[in-house]
Amino acid sequence: MKLIIVENYEEASVEASKVMLEVVKNNPAANLGLATGSTPIRMYELMIEDHKENGTSYKDIKSFNLDEYFGLEASHPQSYHYFMNKHLFSGIDIKLENVHVPNGAGEIQESCDDYNKLLAENPIDIQLLGIGSNGHIGFNEPGTSFDSVTHMIELKESTRQDNARLFFDGKIDDVPTHAITMGISNIMQAKKVLLVACGENKAEPIKVLVEGQKTTDVPASALQDHSDVVVIVDKAAASLLTK
Ligand SMILES: N[C@@H]1[C@@H](O)[C@H](O)[C@@H](COP(=O)(O)O)O[C@@H]1O
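Quick caveat, the model's predicted, so the values are computed rather than measured.

**Focus: the environment of G135**
On the secondary structure map, G135 appears in the loop between β6 (126-129) and β7 (151-154). Overall, the relative accessible area of 0% leaves G135 in the buried class. In this structure, the C-alpha to C-alpha distance between G135 and P205, residues 70 residues apart in sequence, is 4.9 Å. Ignoring any residue separated from it by four or fewer positions in sequence, one finds G135 in contact with P205, V218, P219 and A220.

And the structure:
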C-alpha cells in the first residue's frame, strides 16, 4: 500500500487527479471505476480542467460507478447517476453509452446480475474510492462479506446521517434506506485502487485500513490484500496514524 499524506483537501484532490490522469493518459481506452460523495468533487473539477486545457480525451473510456441509491431514477437530483453527470460527465467528452451506474430503479436481482456481468466483461483499470466514517467502501457497510459481489444493502443509520448532512439538506427521511453497490470482491478485482479520505471523521477507519487488522467490521481493511493500492489522506484523516 502506498500512503500519501498531504496538508489539506485541495492537495489531496491534486494528487488524486494525477493518479487518475496517469491511467487515462497511458491507456486512452481504460475502464474507470468511479465514486461519488463529497470527496471526489474537486478531483473531478481538476479532471475537467485538464480535459479543457490539455485535451485529454475520454472518447474511448468506459466508466463504472460503485453504487446507486435504491428507488431513485437516474434523473433524480439526488441519484448518483445525476451526481456523475453534474460533476464529471458533462464536462468531459465521455460517450454516454460508455457510462455505467447500477440501476437503482429496476428489478433488484436483475440489476445486480447485469452489473456483475458487465464488470466481468470489463475489467476495471483503476477503482476510485472514498471511505465512509464507519469504514464502508462503495456502500459495503460493516459486516459485508469480503466475497460479496454487486448486491442490495440496507444503509446504516450513521451512513444516512452523513449523507443527509452533505446532500439532502440534513433531512434524513429523504435519504433512501437501501442501495445497490458493487461488492468487495468486485472492488478487489480492479487492477489498481485509489482511496482518498479527508477530515477528522475519517481518521478511525483510516487507522484500521493502514495499521489495523483486516476485519469485516471495517470493510475498507479488505484492501490490505490488494497488491496495488494508493491511499491519499489529508492531515486530519491521518491524525490517528502512529507508525
Ligand atoms: N456511497 C458513498 C461512498 O462511496 C463514499 O465513499 C462515502 C463517503 O462520502 P464523502 O466523500 O462525502 O465523505 O459516501 C457514500 O456513502
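**Here's the deal with the UniProt feature "active site" (unreviewed entry) in the protein chain**
When the UniProt feature table is mapped onto this chain, "active site" (unreviewed entry) is found at D67, N134, H136 and E141. Within the secondary structure, N134 is located in the loop between β6 and β7. If we skip the residues at most four places from it in the chain, N134 touches E141, P142, K156, S158, T159, D217 and P219. Here the side chain of N134 touches E141 through a polar contact of 2.9 Å, side chain to side chain. Mapped onto the fold, H136 is located in the loop between β6 and β7. For H136, the residues in contact, after removing those within four places along its chain, are G130, I131, E141, T159 and P219.

**Concerning the site of the ligand**
Of all residues adjacent to the ligand, which total 13 residues, the nearest are S38, T39, D67, H136 and K202. S38 places a side-chain nitrogen or oxygen 2.6 Å from an oxygen atom of the ligand. Compared with its free state, where it exposes 390 Å², the ligand has 95% of that area covered by protein. Here the residues of the shell around the ligand are counted per class, giving 4 nonpolar, 7 polar and 2 charged.

**What to know about a negative patch on the surface**
Together, E107, E110, D113 and D114 give the surface a local cluster of negative charge. Its place among the elements puts D113 in helix α4 (residues 108-121).

Rules used in this analysis
- Residues numbered from 1 in each chain as written.
- Predicted model: local features only at pLDDT ≥ 70, side-chain atom pairs only at ≥ 80, totals over all residues.
- Heavy atoms only, no water.
- Helix = DSSP H or I, 4+ residues; strand = E, 2+ residues; numbered from the N terminus.
- Buried < 20%, exposed > 50% of the residue type's maximum accessible area, 1.4 Å probe, protein only.
- Contact = heavy atoms within 4.5 Å.
- UniProt positions renumbered as here; feature names shortened; annotations may be inferred.
- Polar contact = N/O pair within 3.5 Å; in protein donor to acceptor, adjacent residues only side chain to side chain.
- Near = heavy atom within 4 Å.
- Areas by Shrake-Rupley, 256 points an atom, 1.4 Å probe, with all protein chains shown as cover.
- Nonpolar A, V, L, I, M, F, W, Y, C, P; charged D, E, K, R; others polar.
- Patch = residues over 30% accessible without salt bridge, like charges linked within 9 Å, V, L, I, M, F, W, Y side chains within 5 Å.
- Salt bridge = Lys/Arg side-chain N within 4 Å of Asp/Glu carboxyl O.
- Lys, Arg positive; Asp, Glu negative; His and termini not counted.
- Charge placed at Lys NZ, Arg CZ, Asp CG, Glu CD.

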